[in-house]
Amino acid sequence: MAQIGVERAGDADVVAQITRRAFDRRNGEEVEMIARIRAAPKFILALPKFILALSLVAEVGGRPVGHLLISRDKLRLEGGQPTDQEGLMLGPISVLPDAQRRGVGSRLMRRGLDTAASRPELVVVLIGHPEYYPRFGFRPAREFGLHPDWDAAMVYPLWPDLSAYRELHLPEQSVCRCNAWRKPLQADHSQPL
Ligand SMILES: CC(C)(COP(=O)(O)OP(=O)(O)OC[C@H]1O[C@@H](n2cnc3c(N)ncnc32)[C@H](O)[C@@H]1OP(=O)(O)O)[C@@H](O)C(=O)NCCC(=O)NCCS
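Within each chain, residue numbers correspond to sequence positions counted from 1 in written order. This being a predicted model, a pLDDT of at least 70 is required before a residue's local features are given, and a value of 80 or more before pairs of side-chain atoms are given or counted; all residues contribute to the totals for chains, interfaces and linings.

Chemist: Describe the overall build of the protein, naming the residues involved and giving the relevant values.
Modeler: Helix and strand content of the protein: four helices and seven strands. Going along the chain from the N terminus, every DSSP run of H or I of four or more residues is numbered as a helix, and every run of E of two or more is numbered as a strand. Beginning at the N terminus, the succession of helices and strands in the protein can be written as β-α-α-β-β-β-α-β-β-β-α. Every one of the 193 residues in the protein was classed for burial, and the buried ones make up 35%. Residues are scored as being in contact if the C-beta atoms we place from backbone atoms lie within 7 Å. Across the protein, the fraction of contacts at a sequence separation of at least 24, relative to all contacts at a separation of at least 6, is 65%. Think of it as a crowd count around each C-beta: if 20 or more other C-beta atoms lie within 10 Å the residue is buried, if 12 or fewer it is exposed, and in between it is partly exposed, with C-beta placed from the backbone throughout.

Chemist: Provide a residue-level description of the packing of helix 1 (residues 12-23) against helix 2 (residues 29-39), including the pertinent values.
Modeler: Only C-alpha atoms enter the line fits that serve as axes; for helices the fit covers just the stretch in contact. Angles between N-to-C directions range over 0 to 180 degrees. At a minimum axis distance of 8 Å, the contact between helix 1 and helix 2 shows a crossing angle of 150°. What the angle tells us is that helix 1 and helix 2 run roughly antiparallel. In the crossing of helix 1 with helix 2, the sense of the turn from one axis to the other is right-handed. Contacts between helix 1 and helix 2 involve Val15, Ala16, Thr19, Arg20 and Phe23 from the first element and Glu30, Val31 and Ile34 from the second. Orientation labels follow simple angle bins: below 35 degrees gives roughly parallel, above 145 gives roughly antiparallel, 65 to 115 gives roughly perpendicular, and whatever is left gives oblique. By convention, the crossing between two helices is left-handed when the near helix turns anticlockwise from the far helix through less than a right angle, and right-handed when the turn is clockwise.

Chemist: Can you break down the environment of Leu69 residue by residue, with the values?
Modeler: Here Leu69 shows up in strand 3 (residues 63-76). Leu69 sits 17 residues away from Leu52 along the chain, and the two C-alpha atoms are 9.0 Å apart. Look past the residues within four positions of Leu69 in its chain and what remains in contact with it is Ile34, Ile37, Leu54, Ser55, Gly91 and Pro92.

Chemist: Pulling in residues and values, what's your account of the pairing of strand 5 (residues 123-127)?
Modeler: Regular strands have side chains that alternate between both faces of the sheet. Within strand 5, five of the five residues are buried, which leaves the element mostly enclosed by the surrounding structure. With burial as the criterion, each face of strand 5 is covered, one bearing Val123, Val125 and Ile127 and the other bearing Val124 and Leu126. If DSSP finds at least two bridges between two strands, the strands pair. Where strand 4 (residues 82-95) lies against strand 5, two bridges are found, and the strand directions are parallel. Residue Met89 lies in a different strand from strand 5, and its bridge partner there is Val125.

Chemist: Help me get a handle on the environment of Met33, residues and values and all.
Modeler: With respect to the helices, strands and loops of the structure, Met33 is situated in helix 2. Taking the C-alpha atoms as reference, Met33 lies 9.3 Å from Gly91; in sequence the two are 58 residues apart.

Chemist: I'd like a description of the environment of Ser55, backed by residues and values.
Modeler: Position of Ser55 relative to the elements: it lies in strand 2 (residues 55-60). Judged by C-beta crowding, with 22 C-beta atoms within 10 Å, Ser55 ranks as buried. Between the C-alpha atoms of Ser55 and Ile93, which are 38 residues apart in sequence, the distance is 10.0 Å.

Chemist: Hey, could you go over the sheet that holds strand 6 (residues 139-140) for me, with residue numbers and the actual values?
Modeler: Read across the sheet, seven strands follow the order 1-2-3-4-5-7-6 without closing on themselves; strand pairing throughout is mixed. Of all strands in the sheet, those with a lone pairing partner are strand 1 (3-6) and strand 6, marking the two edges. Inspection of the sheet shows strand 1 paired to strand 2 by four bridges, in the antiparallel sense. By the bridge assignment for strand 2, Val6 is matched with Leu56. Here helix 3 (residues 104-117) sits on the sheet in contact with strand 1, strand 2, strand 3, strand 4, strand 5 and strand 7 (153-157), set at roughly 40° to strand 3.

Chemist: Please give an account of helix 2 that cites residues and values.
Modeler: Every buried residue of helix 2 is accounted for by Glu30, Met33, Ile34 and Ile37. Burial along helix 2 is one-sided: seen end-on, the buried residues are contained in an arc of 95°. Picture the helix axis, draw a direction to every C-beta atom, and the arc is the one those directions span.

Structure follows, in structure tokens:
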């Protein structure tokens, strides 16, 4: 069974490799997204986007096979301007092709959401496969009055009253960068690690 733990010092390269292999993209869009979140500037009045406790690595028999990042970001106005309302943004989540469909992704999701529940933010948001995330409790953003009005835009409430978020838009990065939901989930067992 996969063991889930917080990313350790020196794991950044392994995380990048897992992400690149899982998404099978030459442009490494999701790898860049993680790097950008890690490097986001820390201002005096703004908390960092990267939260170490929410960068989770899954290992099977000591071999790293999966990664989930949940980071902090600001909800936006329609024009893209950031608001003071912060939320947690889930993604990317990656499992190596030859380790998929054995429950690793589900364990990462459950540990990530359990950890998120003990934090001050009120909401976890994502843009992702509409058929994958509802099983973990995600619901369409539109049900909470958030945008965009896409099936792939989803919200996991950590607090019963999300009225402070009504009419806000999911963070720019989740919309612009995590486009993997557009292609179907596909298992590829042809590339052992
Ligand atoms: C999405 C992902 C993280 C799921 O990880 P996983 O370890 O395979 O997930 P689980 O084993 O917990 O799978 C649970 C269910 O998800 C679906 N699923 C997961 N991987 C799938 C795949 N490769 N093909 C089709 N369905 C898949 C299935 O419904 C599966 O249940 P089933 O095996 O009973 O049919 C993994 O497939 C992945 O890394 N994909 C490429 C990157 C990606 O698309 N990330 C999400 C971006 S929004």
